[in-house]
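Inside the fold
Here's the letter readout for the chains.
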Amino acid sequence: MSAGGEGEAVASAGAGGGPSPRGGAVGAGAGGGSSPRGAARLGERRAYAYGVTAAFLLLMLAPLFRRPPVDSFPLSTYPMFSWGRHDARTAVERAVGVDSRGGRRPIPPRLVGSEEVLQAKATLAQSIRQGARAARALCRGIAARVAQEDRYADVVAVEIRTDTFDAVAFFEGQEAPIDAKLHATCKVGAR
């Protein structure tokens, strides 16, 4: 037999499950799950994964069992919804259009100066904080924009005000404010 043939015979004997230097067949039970040792490793891995999962679940649920309850990561008890309120009053800064009969309706945020509701609210709140002059200037700007809108042709004046509502009563249909503070009023165009 030639030298090349001998190497091939050794290689095929090792690859086909022949004798190995350790005394066992090559490929039999080498990291697979078919041997008892492989099955034990797989069981250990599963036990570890279950243990880690259980530990994370316990950590996540731990805030539920603290006394007094703690609102914390990773589980929130949402105290803003679960804790009682003394009352449901809320104050809202807003621009209101007044028609010739004295009826009032809210001016949309885009006419206040922004498409975004919270930005329009912040603009109103800032002008009120800065005083009567700033509130009147904002009122005149809103009135100029209202004058250009056909949908608001019946609006003759604009008011910047802080209205206080009972939120629960509001959503039950009682939409009239329980308190109102007028900061500025101005006429709309030549109406």
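Parameters and conventions
- Residues numbered from 1 in each chain as written.
- Predicted model: local features only at pLDDT ≥ 70, side-chain atom pairs only at ≥ 80, totals over all residues.
- Heavy atoms only, no water.
- Core = buried A, V, L, I, M, F, W, Y, C linked by side-chain atoms within 4.5 Å.
- Buried < 20%, exposed > 50% of the residue type's maximum accessible area, 1.4 Å probe, protein only.
- Helix = DSSP H or I, 4+ residues; strand = E, 2+ residues; numbered from the N terminus.
- Pairing = 2+ DSSP bridges.
- Axes fitted to C-alpha atoms, helices over the stretch in contact; angles between N-to-C directions.
- Contact = heavy atoms within 4.5 Å.
- pLDDT = per-residue confidence, 0-100.
- Expected span 1.5 Å × (residues − 1).

Notes on the nonpolar core
With 20 residues, the main nonpolar core has Ile107, Val112, Leu124, Ile142, Val146, Val158 and Ile160 as its most contacted residues. Elements with a contribution of two residues or more to this core: helix H4 (109-112), helix H5 (117-130), helix H6 (132-147), strand S3 (155-166) and strand S4 (179-187). Looking at this core element by element, the count peaks at 6 residues for H6.

What about the sheet that holds S4?
With antiparallel pairing, 4 strands are arranged side by side in an open sheet as S2-S1-S3-S4. If you trace the sheet from one side to the other, it starts and ends with strand S2 (104-106) and S4, each paired once. Averaged over all neighbouring strand pairs, the angle between strand axes comes to 30 degrees, with direction disregarded. Inspection of the sheet shows strand S1 (residues 89-99) paired to S3 by 11 bridges, in the antiparallel sense. Paired with Val92 across the strands is Asp163, a residue of S3. The strands that H5 touches are S1, S3 and S4; relative to S1, the one it contacts most, it runs at about 95 degrees.

Some remarks on the confidence of the model for the chain
Chain-level statistics for the chain give a pLDDT mean of 81 and a share of 74% at 70 or above. Note that pLDDT drops below 50 for residues 23-31; the model gives that stretch 11 contacts with residues more than four away or on any other chain.

Quick word on H5
The α-helix winds at 3.6 residues per turn, so residues separated by three or four positions along the chain end up facing the same way. Taking 1.5 Å as the rise per residue, H5 with 14 residues should run 20 Å; its terminal C-alpha atoms sit 20 Å apart, in good agreement. Against S1, H4, H6, S3 and S4 lie the buried residues of H5. Immediately downstream of H5, the backbone of Gly131 shows phi near 110 degrees, a positive value.

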